[in-house]
Each structure stands twice: as C-alpha cells, then as structure tokens.
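This is what each chain is made of:
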Amino acid sequence: MKIEKTVDGTAAMLSLSGSLDAMTAEELGAAVSALGEVTDLVLDLQKLEYVSSAGLRQFALAQKRMAAKGGSFSLVRVPEFVKEVLAMTGLINHLEVLG
C-alpha cells in the first residue's frame, strides 16, 4: 500500500492506493498517529484496490482518534466495493462516507 499525505494546518488528507490488509493496516495506523495536531482527517480511497477487516478497523480507529480531538473524519472517493463492505459490516452508519 502507498500513502500520500497532504497537511494544511489542522486538516490532513491521506490518499491510499493498493491493498489495505493485515500486512499494511499498521502503516495506516502509524500514519494517522504521526499527524500530531491534525484534528480533521480525510482518507481518499479512490486508488484503493482491496480492504480487509484489519483495514476497516483502522478506519474506525482513525474516526475515534479525530472525534477525541473534537475534529472530523471522512472517507472520500470511495470505490463501490468498499461501500459494500462498509454496508455489510454496519460501519457505513458510523463513518462519514462522501462519494
């Protein structure tokens, strides 16, 4: 998996490409942890090719981390297969999914 980071003050976007699975999920967790003062996080999933339950867990943890800071968390440019997985697991009801 590849993560491209853009930070603007307290807002950040992480663009993910490749596979977010048990082997790469910790990379995303580490990238979110390293954001420091960021309170508003967007994950761009347009180039994501696969997501496992370990990846979904990282989405939930990132949302929890931003909420604890009084910020926001959203997923954008979400591929249809990711929306389907989020719907099947019920996570779609707990995350802001935009497009």
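Here, every reference points to the structure presented above.
Residues numbered from 1 in each chain as written. Predicted model: local features only at pLDDT ≥ 70, side-chain atom pairs only at ≥ 80, totals over all residues. Heavy atoms only, no water.

Trainee: Explain the nonpolar core to me, and be specific about the residues and the numbers.
Mentor: Judged by nonpolar contacts, the single largest core of 27 residues is most densely connected at Leu 14, Leu 41, Leu 43, Leu 45, Phe 59 and Leu 75. Elements with a contribution of two residues or more to this core: β2 (11-20), α1 (25-33), β3 (40-51), α2 (53-68), β4 (72-76) and α3 (80-89). For this core, the leading source of residues is β3, giving five residues. If near-sequence neighbours (up to four positions away) are discounted, Leu 43 is found in contact with Leu 14, Leu 28, Phe 59, Phe 73, Ser 74, Leu 75 and Val 76. (Core = buried A, V, L, I, M, F, W, Y, C linked by side-chain atoms within 4.5 Å. Buried < 20%, exposed > 50% of the residue type's maximum accessible area, 1.4 Å probe, protein only. Helix = DSSP H or I, 4+ residues; strand = E, 2+ residues; numbered from the N terminus. Contact = heavy atoms within 4.5 Å.)

Trainee: Please provide a residue-by-residue account of the pattern of salt bridges, values included.
Mentor: For the structure shown, the criterion picks out two salt bridges. Ionic pairing is found between Lys 2 and Glu 4, a salt bridge with its closest N-O pair at 3.6 Å. The exposure class assigned to Lys 2 is partly exposed, which follows from its relative accessible area of 49%. Accessibility expressed as a relative area gives 42% for Glu 4, which makes it partly exposed. For Asp 44, the salt bridge is made with Arg 77, and the minimal N-O distance between the two is 2.6 Å. Of this pair, Asp 44 sits in strand β3 while Arg 77 sits in the loop between β4 and α3, placing them 33 residues apart in sequence. (Salt bridge = Lys/Arg side-chain N within 4 Å of Asp/Glu carboxyl O.)

Interpretation note: all reported values are geometric properties and have no functional meaning in isolation.
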